[in-house]
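Per-entry structural report
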Amino acid sequence: MTFTYEHFIALLPIIITGFTAVVVMLGIAWRRDHTIIPTLGVIGLNLALLSCIPALGVGAIDVTPLLRIDGFTCFYMALILIATLACMTLSHAYMEGYPGNREELYLLLLISATGGLVLVAAQNVAGLFIGLELLSVPVYGLVAYSYFNRRSLEAGMKYLVLSAAGSAILLFGMALLYAQSGSLNFADIGMQMDAPASTGLLMEIGLGMLIVGLGFKLSLVPFHLWTPDVYEGAPAPVGAFLATASKVAVFAVLVRVFQTMPMATEDGWLHDAIAFIAIASMLVGNLLALMQSNLKRLLGYSSISHFGYLLVAVASGEGLSMEAVAVYLVTYVFTSLGAFGVITLMSSPSNGQRDADALFEYRGLFWRRPYLTAALTVMMLSLAGIPLTAGFIGKFYVITVGVEAGMWWQTAAIVLGSAIGLFYYLRVMVTLYLTEQGLQRHDAPMNWGQRAGGVMLIAISIATFVLGVYPQPLLQLAQLTVF
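What comes next concerns the included structure. (Residues numbered from 1 in each chain as written. Predicted model: local features only at pLDDT ≥ 70, side-chain atom pairs only at ≥ 80, totals over all residues. Heavy atoms only, no water.)

A closer look at helix H12 (residues 269-290)
Quick note on the threshold: Helical segments are the DSSP runs of H or I of at least four residues, strand segments are the runs of E of at least two, and each set is numbered from the N terminus. Expected span of a helix: the number of residues minus one, times 1.5 Å. Note on classification: 1.4 Å probe, protein chains only; a residue is buried when its accessible area is under 20% of the maximum for its type, exposed when over 50%, partly exposed between these limits. For this analysis, residues touch if any pair of their heavy atoms sits within 4.5 Å.
If you check H12, its first and last C-alpha atoms are 31 Å apart, about what 22 residues at 1.5 Å a residue would give, namely 32 Å. Turning to H12, its buried residues are Leu 270, His 271, Ile 274, Ala 275, Ile 277, Ala 278, Ala 280, Ser 281, Met 282, Gly 285, Asn 286 and Ala 289. Looking at the buried side of H12, the elements it contacts are helix H9 (201-218), helix H11 (236-260), helix H13 (295-316) and helix H17 (408-433).

This is the structure:
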């Protein structure tokens, strides 16, 4: 194919993010500076985010058989870049007291974000695998970045082994799909599935293995066992990246697979399996979160349930499903960034300390840091889906889609899971306002609101409230994802 000016404009977000990673790497080689290096990364991410506007203006265009740039791609590329930008900003405050080399963290974030951008643009199983590995491999190093912390090293090893197992299953499923269809393109494989005479057991098993492989990356039940340990062991900004940018990229490509391979959303054993995974993720995630006294582990189990809610919207495959997924992911990303942002500002890796993730360390936080407490309160309310927060809008859309599709069991599981979730989110909130008992081991710095990470946290808190009160701009943007 001939590479044109339109192709170049369409690829700008990926090109700029990849180029920024190269610039940061050269900057580290030239001189280590914990101010210059993250600044270069933030500038590059902002340029990549702005370049999504001209890329959207090009319209739907295929850039080689591997990538497709359209409204769906641009929306999720922008969301990944916003999440990465927030995580990088939070990382600067977090890494101030880090005893080792600090600059490589930003390089790994940029490389992983580039993989996420490739992943959401994939229209071919080869492109999917390239993007997924480019996204995942840097995260192995990010999770284990606090090398002096045994839990961080353990989390890195667990994520490496289980993620590699998920990739192997995914690759085997791709091989079976290719063996049956003779094509690697999503649309071609979907056309083969529409022809009953050509759809065989191999294709069904291949698609099932594809879903299992992506289920590992999304930590859906029963592929979720790595999640709490990895969330707990990873540095707080890395946990934020793993919960937001990484999962958004994988879920976006899962949505594209479901939209182009209808066998997964039609009646049959695959549809029943997806329904079971959705219900199990909602109930198991929320029930396990009930017993947690560690805020990171609680958020890890909470993320399992949230992606179970999202799977209901995807499995419906009709009506507002695409818009519901887009709205819910935006609200989930904002609230998760805010929750992990509070943990980040409360933590410091200096002197080998662990992160401030134990719930008792937040007891009476309101009496020491009222504005920080207000931010975490808004995030908990939004995750619980309370009205006047962004989380309510996302959950309302998902329930609407479930009712429209007549998925009564899944909708009932959403309601039950939300009721269970309300208990442990309120437990965190109540802890913040209890009378302080003596000195705490961790506390946020007095000037946290003046730091870049603090400014980012305040902006996210305001956005979470504004989107809950006036969601119309978000709903209009979500329409870009319909294809």
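Remarks on unusual backbone geometry
Val 221 connects to Pro 222 through a cis peptide bond whose omega is 10°. Mapped onto the elements, Pro 222 comes out in the loop between H9 and helix H10 (227-233). Phi angles above zero are rare outside glycine, and Thr 64 is one such case at about 65°. Its location among the elements puts Thr 64 in the loop between strand E1 (61-63) and strand E2 (67-69). Owing to a relative accessible area of 32%, Thr 64 belongs among the partly exposed residues under this scheme. Positive phi, normally seen in glycine, also occurs at Leu 388, with a value near 75°. Within the element layout of this structure, Leu 388 appears in the loop between helix H15 (370-384) and helix H16 (390-404).

Here's the deal with the packing of helix H4 (residues 71-94) against H11
Spelled out, the test is: To get an axis, fit a line to the C-alpha atoms, keeping to the stretch in contact for a helix; angles then go from 0 to 180 degrees between the N-to-C directions. Angular relationships are summarised with four words: roughly parallel below 35 degrees, roughly antiparallel beyond 145, roughly perpendicular across 65 to 115, and oblique for the angles in between. In this count, Pro and Cys sit with the nonpolar residues alongside Ala, Val, Leu, Ile, Met, Phe, Trp and Tyr, while Asp, Glu, Lys and Arg are called charged and the others, Gly among them, polar.
Between H4 and H11, whose axes approach to 8 Å, the crossing angle comes to 170°. Considered as vectors, H4 and H11 are oriented roughly antiparallel to each other. Here H4 contributes Phe 72, Thr 73, Tyr 76, Leu 79, Ile 80, Ala 83, Thr 84, Cys 87, Leu 90, Ser 91 and Tyr 94 to the contact with H11, which in turn contributes Ala 236, Pro 237, Ala 240, Phe 241, Thr 244, Ala 245, Val 248, Ala 249, Ala 252, Val 255 and Arg 256. Residue composition of the contact of H4 with H11, grouped by class: 17 nonpolar, four polar and one charged.

Concerning the layout of surface pockets
Which entries qualify depends on this criterion: Buriedness for pockets is judged along seven lines, at least five of which must meet protein on both sides within 12 Å for an open set on the 1 Å grid over protein atoms alone, while cavities are sets there where a 1.4 Å probe fits but cannot get out, and lining residues have an atom within 4 Å of a point. Grid points are joined across faces, edges and corners, and a volume is the space filled by probe spheres set on the points.
When its volume is computed, the largest pocket comes out at roughly 590 Å³. Looking at the largest pocket, it is lined by 25 residues, and the ones nearest its centre are Leu 49, Ala 78, Leu 79, Ile 82 and Leu 477. Mapped onto the lining of the largest pocket, the elements with two or more residues apiece are helix H3 (36-58), H4, helix H14 (321-346), helix H18 (452-469) and helix H19 (472-478). Looking at the lining of the largest pocket element by element, the count peaks at eight residues for H4.

Things to note about empty space enclosed by the protein
Counted under the stated rule, the structure contains three cavities of 30 Å³ or more. Volume-wise, the largest cavity comes out at about 60 Å³. Around the largest cavity, the lining residues are His 306, Tyr 328, Thr 331, Tyr 332, Thr 335, Ser 382, Leu 383, Gly 391 and Lys 395. Elements with a minimum of two residues in the lining of the largest cavity: H14, H15 and H16. Split into classes, the residues belonging to the lining of the largest cavity amount to three nonpolar, five polar and one charged. Around the second largest cavity, the lining residues are Asn 286, Ser 305, His 306, Tyr 309, Leu 383, Ala 384, Lys 395, Gly 417, Ser 418, Gly 421, Tyr 424 and Tyr 425. No other element matches the five residues that H17 contributes to the lining of the second largest cavity. Across the lining of the second largest cavity, the residue classes break down as five nonpolar, six polar and one charged.

Observations concerning the packing of aromatic side chains
Threshold: Each aromatic pair joins two rings of Phe, Tyr and Trp (for Trp, the six-membered one) with centres within 6.5 Å, and gets the label stacked for planes under 30 degrees apart, edge-to-face for over 60, and tilted for any other angle. Whether a charge lies above a ring is judged from NZ of Lys or CZ of Arg, which has to be within 6 Å of the ring centre and within 35 degrees of the ring normal.
Tallied over the full model, the rule gives 13 aromatic pairs. On the numbers, 5.1 Å between centres and 40° between planes, the contact of Phe 366 with Tyr 433 is tilted. One end of the pair, Phe 366, is in the loop between H14 and H15; the other, Tyr 433, is in helix H17, with 67 residues separating them in the sequence. Given the relative accessible area of 29%, Phe 366 is considered partly exposed. Connected via pairs of aromatic rings, a cluster forms that spans Phe 72, Phe 75 and Tyr 76. Here the basic side chain of Arg 31 rests over the ring of Trp 30, its NZ or CZ set 5.3 Å away from the ring centre.

Quick look at the environment of Asn 124
Here Asn 124 shows up in the loop between helix H5 (104-121) and helix H6 (125-143). Spatially, the C-alpha atom of Asn 124 lies 9.4 Å from that of Asp 188, the residues being 64 residues apart in sequence. Contact partners of Asn 124, with chain neighbours within four places excluded, come to Pro 65, Leu 66, Leu 184, Asn 185 and Phe 186.

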